[in-house]
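Listed below are the residues making up each chain.
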Amino acid sequence: MGGLNDKEINQTYVKVLSQMPYFRYSGGRDHIFVFPSGAGAHLFRSWEKFLNRSIILTPEGDRTDKRDTSAFNTWKDIIIPGNVDGGMTTFHGTTIVQPLPLSKRKYLANFLGRAQGKVGRLQLVELAKQYPDKLESPELKFTGPDKLGRTEYFNHLRNAKFCLAPRGESSWTLRFYEAYFVECVPVILSDQIELPFQNVIDYTQISIKWPSTRIGTQLLEYLESIPNEVIEGMLARGRQVRCLWVYAPETEPCSAMVGIMWELQSKVRQFHQSAETFWLHNGKIVNRDLAEFQNWRTPVPLP
């Protein structure tokens, strides 16, 4: 937010890591870093050098639109859900808006978001102009006197059977998660998207993923062909799993944190090593100078 420039952020990360003997012990393999912003791990410019063995928690599965490489590695990292407005995810009490019956929804589909000059989003805006009775895509203003309030936003979102979620600045979009709380079927129009908790959720049962290269009349015709009873079934299955998108108190039996802990549990190891970790016949861990682990002094050389 302007507090530190890229170079200062990088220096700070390296300094902190050098004060962590356990990071050197395992090469960072049992360390977890949270990068919830749009930049993902790229916030730390040297992530590829220092965090290439560590577990990264991020909603971002792909940032190749702005970087040459993506920091997300499907073999070690974990996708976490975006943070949906708490007024829509209340466990006990009334939410901001309630879902509408399918028969009372005005539109077949909607796209609520800024075009941002992105091809897929611009195509949806044009498609809405061609078929205004089927696809709603209002011009949203997030600042000024005509700023769209959160209640108005969710009232728009709930007024369609399908909520279209195209790629924006990156592959994920919060709209995908919001759709489950107004109970419209999310239609993913982002080819590189990565979704959370794929070890327990079958996304074919609760969403649709459509090629972003085929945004047009064919998409609307396809959505229009889906019977209401099929849509109701998808919405019902979505209700069963949407608690996994909510950062709820730990007293709740189902939450995003529960899902994240499931994922982390599968990564627990009995033993950790790195290129700078050695061990002796008596089980003692030593460094390259044969100093025992408890005697390692900071700052430690980073692996």
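Please read all numbers here as calculations on a predicted model, not as lab measurements.

Q: Talk me through the overall build of the protein chain; I want residue IDs and the actual numbers.
A: The helix and strand tally for the protein chain stands at 9 helices and 10 strands. Considered along the principal axes of its C-alpha atoms, the protein chain spans approximately 75 × 40 × 35 Å. Burial statistics for the protein chain: of 303 residues in total, 47% are counted as buried. Across the protein chain, the fraction of contacts at a sequence separation of at least 24, relative to all contacts at a separation of at least 6, is 62%. Total accessible area on the protein chain is roughly 16,200 Å²; 51% of this is exposed by carbon and sulfur atoms. A distance of 3 Å separates the average location of the 36 positive side-chain charges in the protein chain from that of its 32 negative side-chain charges.

Q: Pulling in residues and values, what's your account of the pairing of strand β6 (residues 160-166)?
A: On a regular strand, one side chain projects to one face of the sheet and the next to the other, so that they alternate. Burial analysis of β6 places 7 of its 7 residues in the buried class, the great majority of the element. Pairing between strand β4 (residues 107-110) and β6: 3 bridges, direction parallel. Paired with N110 across the strands is C163, a residue of β6. With 5 bridges joining them, β6 and strand β7 (residues 185-189) adopt parallel strand pairing. Its bridge partner being in β7, L164 is matched across the sheet by V187. One crossover worth recording links β6 to the parallel β7 by way of helix α6 (residues 174-182), and it is right-handed.

Q: Run through the nonpolar core, naming residues and quoting values.
A: F176, I201 and W245 are the most contacted members of the largest nonpolar core, which totals 39 residues. Put simply, the parts of the chain that give this core at least two residues each are β2 (55-58), α5 (150-157), β6, α6 and α9 (256-265). Among the elements that take part in this core, α6 stands out by supplying 6 residues, more than any other. Once residues lying within four places of it in the same chain are set aside, the contact partners of W245 are P81, G82, F176, Y177, Y180, F181, P196, F197, I201, Y203 and A256.

Q: Can you break down the sheet that holds strand β1 (residues 32-34) residue by residue, with the values?
A: With respect to topology, 3 strands assemble into an open sheet ordered β1-β2-β3, the strand pairing being parallel. Edge positions in the sheet fall to β1 and β3 (78-79), since each has one partner strand and no second. As judged from the 2 bridges shared by β2 and β3, these two strands associate in the parallel manner. Each residue of the ladder has a partner; that of T58, found in β3, is I79.

Q: Describe the sheet that holds β7, and please don't skip the residues or the numbers.
A: Spatially, β5-β4-β6-β7-β8 is the arrangement adopted by the 5 strands of the open sheet, whose pairing is parallel. Each of the sheet's edge strands pairs with one partner strand only, and the pair in question is β5 (135-136) and β8 (208-209). Sheet contacts for helix α7 (residues 217-224): β4, β5, β6, β7 and β8; angle to β4, the most-contacted strand, approximately 130 degrees.

Q: Mind laying out the packing of aromatic side chains, listing which residues take part and the relevant values?
A: If you walk through the whole model with that rule in mind, you get 19 aromatic pairs. Seen in terms of ring centroids, Y13 and F44 are 4.5 Å apart; in terms of plane orientation they differ by 15 degrees. Their pairing is stacked. Taken together, the residues Y13 in helix α1 (residues 6-18) and F44 in the loop between β1 and α3 (47-50) connect sequence positions 31 residues apart. By relative accessible area, Y13 is classed as partly exposed at 23%. In this structure F44 comes out as buried when scored by relative accessible area, which is 0%.

Q: A description of α6 should follow, citing residues and the corresponding values.
A: Among the 9 residues of α6, 8 are classified as buried, and the element is accordingly described as predominantly covered. The set of residues buried in α6 consists of R175, F176, Y177, E178, A179, Y180, F181 and V182. Phi turns positive, to about 60 degrees, at E183, one or two residues after α6.

Q: How would you explain the state of the cysteines if you had to name every residue and give the values?
A: Inspection of every chain in the model, using the stated rule, returns 2 disulfides. Covalent S-S linkage joins C163 and C184, the inter-sulfur distance amounting to 1.7 Å. The chirality of the disulfide connecting C163 with C184 is left-handed, given an S-S dihedral of about -110 degrees. With C163 in strand β6 and C184 in the loop between α6 and β7, the pair connects residues that are 21 residues apart, well separated along the chain. The side chain of C243 participates in a disulfide bridge whose partner is C254; the two sulfur atoms lie 1.9 Å from each other. Here the S-S torsion is close to 75 degrees, and the disulfide linking C243 with C254 is therefore right-handed. Within this pair, whereas C243 is found in the loop between α8 (228-241) and α9, its partner C254 is found in the loop between α8 and α9, the two being separated by 11 residues in sequence. Grouping residues by exposure puts C243 and C254 together as buried. By sequence-ordered numbering of the bonded cysteines, the protein chain has its disulfides arranged as 1-2, 3-4.

Rules and cut-offs
- Residues numbered from 1 in each chain as written.
- Predicted model: local features only at pLDDT ≥ 70, side-chain atom pairs only at ≥ 80, totals over all residues.
- Heavy atoms only, no water.
- Helix = DSSP H or I, 4+ residues; strand = E, 2+ residues; numbered from the N terminus.
- Buried < 20%, exposed > 50% of the residue type's maximum accessible area, 1.4 Å probe, protein only.
- Contact = heavy atoms within 4.5 Å.
- Areas by Shrake-Rupley, 256 points an atom, 1.4 Å probe, with all protein chains shown as cover.
- Lys, Arg positive; Asp, Glu negative; His and termini not counted.
- Charge placed at Lys NZ, Arg CZ, Asp CG, Glu CD.
- Pairing = 2+ DSSP bridges.
- Right-handed = clockwise from strand over helix to strand, strands pointing away.
- Core = buried A, V, L, I, M, F, W, Y, C linked by side-chain atoms within 4.5 Å.
- Axes fitted to C-alpha atoms, helices over the stretch in contact; angles between N-to-C directions.
- Phe/Tyr/Trp six-rings, centres within 6.5 Å; stacked < 30°, edge-to-face > 60°.
- Disulfide = S-S within 2.5 Å.

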